[in-house]
Amino acid sequence: MANVVVVGAQWGDEGKGKIVDWLSERADVIARFQGGHNAGHTLVIDGKVYKLNALPSGVVRGGKLSVIGNGVVLDPWHLLGEIETIRAQGVEISPDVLMIAENTPLILPIHGELDRAREEAASKGTKIGTTGRGIGPAYEDKVGRRSVRVADLADEATLEARVDRALQHHDPLRRGLGIEPIDRDELLAKLRAIAPGILAYAAPVWKVLNEKRKAGKRILFEGAQGALLDIDFGTYPFVTSSNVIAGQAATGVGIGPGSIDYVLGIVKAYTTRVGEGPFPAELEDEDGQRLGERGHEFGTVTGRKRRCGWFDAVLVRQTCATSGMNGIAFTKLDVLDGFETLKICVAYDLDGERLEYLPTAADSQARCTPIYEEMPGWSQSTEGARSWADLPAEAIKYVRRVEELIDCPVALLSTSPEREDTILVTDPFAD
Ligand code: IMP
């Protein structure tokens, strides 16, 4: 297959970094198509740890083209800082290996300020638990047609006009939240300062990618967050502000939907969530604590403790459908080692009725209680397994049952953060 999309199939943090890195070795181009620096992708290569937020994971592999597509909202100050950090780790980053779509909207300091002020002012029940990085307000400005976009940095008159339009909208909002009015000159000076650094990477990404596609190059679309945080199909309003599902890969870079050959969902062997919102299979007991400790479940971006729960097959079956997953990469199976009994959520009980999907209405979601199926656990370690033969029979049964319940086959099984500790069933890039 020429072009592969990788999508988180739960609430993010499924272990996409390792899988994207594993696949990027086979790809020519790696493209981010949504989200921003709310993402935290950790890559471990030869024992060296790289932490990325805005940069596509392909940058740490030499000889690949990394692309930030128009579906992303970009904090230019953060990006330039991230480039410096990664450079200091010995990775070369130049316009030959990194491109930013000219029509990418920028995240400005005013977006982060608004995001954090709103969260602070929110009462219990309305707080989203955002990363505080301005993602929501930046997307609001995009659909409100008042973003400063990458291309605007090249022309002083356009830049000033865009900033004035933003001011007109934001100052009343800020006043309402008790934030000082925007200092126009300071904001413009900050934008002028980063303009050359950002414009060096600016390109008509849609054109470059369509040419690459025609030339038979392999494109890997790197999703951030997870499908349950999708603005349309997630647990609204406790979601991020972009479309996360696979269809976004096409609009997020400017390529036709027919160019997507394979969709790989990343699925963790249990469930986690950072931030507020419904989570039917959440465990607030010793088992939940054990999953969190063994799985090192702390947010990469915010450091917050992640909420943990049993594997929820209902939700993953749903995200496999909305993204059209062809296969999944199953991760962190080793975190389940040593549990005597494992539970899988196979349906919900809503007021005495059995439901096979998560209802859309927020009050119904909150009332759904999980219906579990129990399976025997295993005592042996699965960490670092590289073939099915290395896995205990109960672990294989667990994986097979998950495949059945979510109606999607396992293509890859990851058994540690190291890229070699992977069992390959189907190579998404294989023809
Ligand atoms: P925002 O994207 O910062 O607006 O946050 C909205 C919701 O998405 C919050 O619940 C965040 O915790 C969650 N979120 C955003 N990015 C990520 C991610 O990369 N992994 C997991 N959760 C995320």
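Residues numbered from 1 in each chain as written. Predicted model: local features only at pLDDT ≥ 70, side-chain atom pairs only at ≥ 80, totals over all residues. Heavy atoms only, no water.

(A) Region of the structure containing the environment of Val205. Among the structural elements, Val205 can be located in helix α7 (residues 205-214). Separated by 140 residues in sequence, Val205 and Leu65 have C-alpha atoms that sit 11 Å apart. Not counting chain neighbours up to four residues away, the residues in contact with Val205 comprise Val67, Ile68, Met99, Ile100, Ala101 and Val253. (Helix = DSSP H or I, 4+ residues; strand = E, 2+ residues; numbered from the N terminus. Contact = heavy atoms within 4.5 Å.)

(B) Geometry of the site of the ligand. Taken together, 15 residues sit near the ligand, with Asp13, Asn38, Thr131, Thr240 and Arg304 positioned nearest. Here an oxygen atom of the ligand and a side-chain polar atom of Thr131 are 2.6 Å apart. Note that an oxygen atom of the ligand is positioned 2.6 Å from one of the side-chain N or O atoms of Thr240. Protein contact buries 95% of the 470 Å² of open area that the ligand shows by itself. (Near = heavy atom within 4 Å. Polar contact = N/O pair within 3.5 Å; in protein donor to acceptor, adjacent residues only side chain to side chain. Areas by Shrake-Rupley, 256 points an atom, 1.4 Å probe, with all protein chains shown as cover.)

(C) Molecular detail of the domain arrangement of the protein. Taken domain by domain, the protein holds domain 1 (4-103 + 200-262), domain 2 (109-198) and domain 3 (267-424). Taken over C-alpha atoms, the centre of domain 1 sits 23 Å from the centre of domain 2. Of all residues in domain 1, Val73, Trp77 and Phe238 give up the largest surface area on contact with domain 2, accounting jointly for 30% of the area buried on that side. Between domain 1 and domain 2 we count zero salt bridges in total. Taken together, the connections running from domain 1 to domain 2 amount to nine residue pairs in polar contact (both at pLDDT 80 or more). Among the elements of the structure, α2 (76-88) and β6 (98-101) are those that each provide at least two residues to the side of domain 1 that touches domain 2. It is α2 that contributes the most residues to the side of domain 1 that touches domain 2, five residues altogether. A per-class count over the side of domain 1 that touches domain 2 returns 14 nonpolar, 13 polar and one charged. (Domains from an automatic or database assignment. Buried area = accessible area lost by both parts, 1.4 Å probe. Salt bridge = Lys/Arg side-chain N within 4 Å of Asp/Glu carboxyl O. Nonpolar A, V, L, I, M, F, W, Y, C, P; charged D, E, K, R; others polar.)

(D) Spatial organisation of the state of the cysteines. Considering all chains together, one arrives at zero disulfides under this definition. Cysteine Cys308 is unpaired, with the sulfur of Cys345 as its nearest cysteine sulfur at 16 Å. When its relative accessible area of 4% is taken as the criterion, Cys308 is described as buried. There is no disulfide at Cys408, and the cysteine sulfur nearest it, in Cys320, is 4.2 Å away. Residue Cys408 is classed as buried on the basis of its relative accessible area of 3%. (Disulfide = S-S within 2.5 Å. Buried < 20%, exposed > 50% of the residue type's maximum accessible area, 1.4 Å probe, protein only.)

(E) Main features of the nonpolar core. Core analysis: the biggest nonpolar cluster contains 58 residues, and Phe311, Phe330, Leu333 and Tyr398 have the highest contact counts within it. The element that contributes the greatest number of residues to this core is helix α12 (residues 393-406), accounting for six residues. Counting residues domain by domain, this core receives three or more from each of domain 1 (4-103 + 200-262) and domain 3 (267-424). If you look at the next biggest cluster of nonpolar residues, it comprises 35 residues, including Ala54, Val72, Leu79 and Val163. (Core = buried A, V, L, I, M, F, W, Y, C linked by side-chain atoms within 4.5 Å.)

(F) How the structure looks around the pairing of strand β13 (residues 327-331). The element β13 is extensively covered by neighbouring structure, given that five of its five residues are classed as buried. Neither face of β13 is open: one carries Gly327, Ala329 and Thr331, the other Ile328 and Phe330, and all of them are buried. As paired strands, strand β9 (residues 262-268) and β13 are joined by five bridges and run parallel to one another. Residue pairing across strands places Val267 opposite Phe330, the latter belonging to β13. (Pairing = 2+ DSSP bridges.)

(G) Structural detail: the pattern of salt bridges. The tally for this structure, following the rule as stated, stands at 29 salt bridges. Close ionic contact of Arg419 with Glu25 constitutes a salt bridge, the shortest N to O distance being 3.4 Å. Residue Arg419 is found in the loop between β17 (410-414) and β18 (422-424), and its partner Glu25 is found in the loop between α1 (16-24) and β2 (29-32); the two are separated by 394 residues along the sequence. Residue classification places Arg419 among the buried positions, given a relative accessible area of 11%. With a shortest N-O distance of 3.5 Å, Arg317 and Glu356 are connected by a salt bridge. On the criterion of sequence distance, the pair formed by Arg317 in helix α10 (residues 313-323) and Glu356 in the loop between β15 (353-355) and α11 (362-367) is long-range, its members being 39 residues apart. In this structure Glu356 comes out as partly exposed when scored by relative accessible area, which is 42%.

(H) Spotlight on the sheet that holds β9. Spatial strand order, β7-β6-β5-β2-β8-β1-β9-β13-β17-β18: 10 strands in an open sheet with mixed pairing. Two strands bound the open sheet, and with one partner strand each, they are β7 (202-203) and β18. The pairing of β2 with strand β8 (residues 219-222) spans four bridges and is parallel. If you follow Ile30 over to β8, its bridge partner there is Leu220. Sitting on the sheet, α7 touches β1 (3-8), β2, β5 (65-68), β6, β7 and β8, and the angle it makes with β5 is about 140°. (Axes fitted to C-alpha atoms, helices over the stretch in contact; angles between N-to-C directions.)

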